[in-house]
Amino acid sequence: KQQASTSSKEGYHHRLHSPYQPRKSCHRNIKKKKLKISLNGNRKVTGQLRGYDAFLNVVLEDAVTETTGGATENIGTIVIRGNSIIQFESVDRIYTS
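Quick caveat, the model's predicted, so the values are computed rather than measured. Every chain is numbered independently, its residues counted from 1 as its sequence is written. It should be noted that, the model being predicted, local features are given only for residues of pLDDT at least 70 and side-chain atom pairs only at 80 or more, the latter also being counted only at that level, while totals for whole chains, interfaces and linings use all residues. Hydrogens are left out, water is left out, and the side-chain values use all remaining heavy atoms of the structure.

Considerations on unusual backbone geometry
- Residue asparagine 42 is not a glycine yet carries a positive backbone phi of 60 degrees.
- Under the scheme used here, helices are H or I runs from DSSP no shorter than 4 residues and strands are E runs no shorter than 2 residues, and both carry numbers assigned from the N terminus. Checked against the element boundaries, asparagine 42 lands in the loop between strand S1 (34-39) and strand S2 (43-52).
- For every residue, the accessible area obtained with a 1.4 Å probe (protein chains only) is divided by the maximum for its type, and the residue is called buried under 20%, exposed over 50%, and partly exposed between those limits. For asparagine 42, a relative accessible area of 58% corresponds to the exposed category.
- The backbone phi angle of leucine 56 is positive, close to 65 degrees, even though this residue is not glycine.
- With respect to the element layout, leucine 56 can be found in the loop between S2 and strand S3 (58-66).

What follows is the structure, encoded as structure tokens:
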């Protein structure tokens, strides 16, 4: 049996840049930004990001849903389950340091 490296520095570096955990600076910069989210079933929702978790469940405030005809409907604060998200993009510019 081979053991994984026990170097704490290497382990820290791996955890910090894991694709499943955002960097702390990125986390601070993306909160309260306006996002456009594409969902399964050809649905689209736009709103201000208030939070998310490890499963990519997302909380949006001031959410607006778009229909295929181009009409929009205000739906307020919503929680979107992570496994229904196909794609998301930032409408606002995100500054990184």
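Now, onward.
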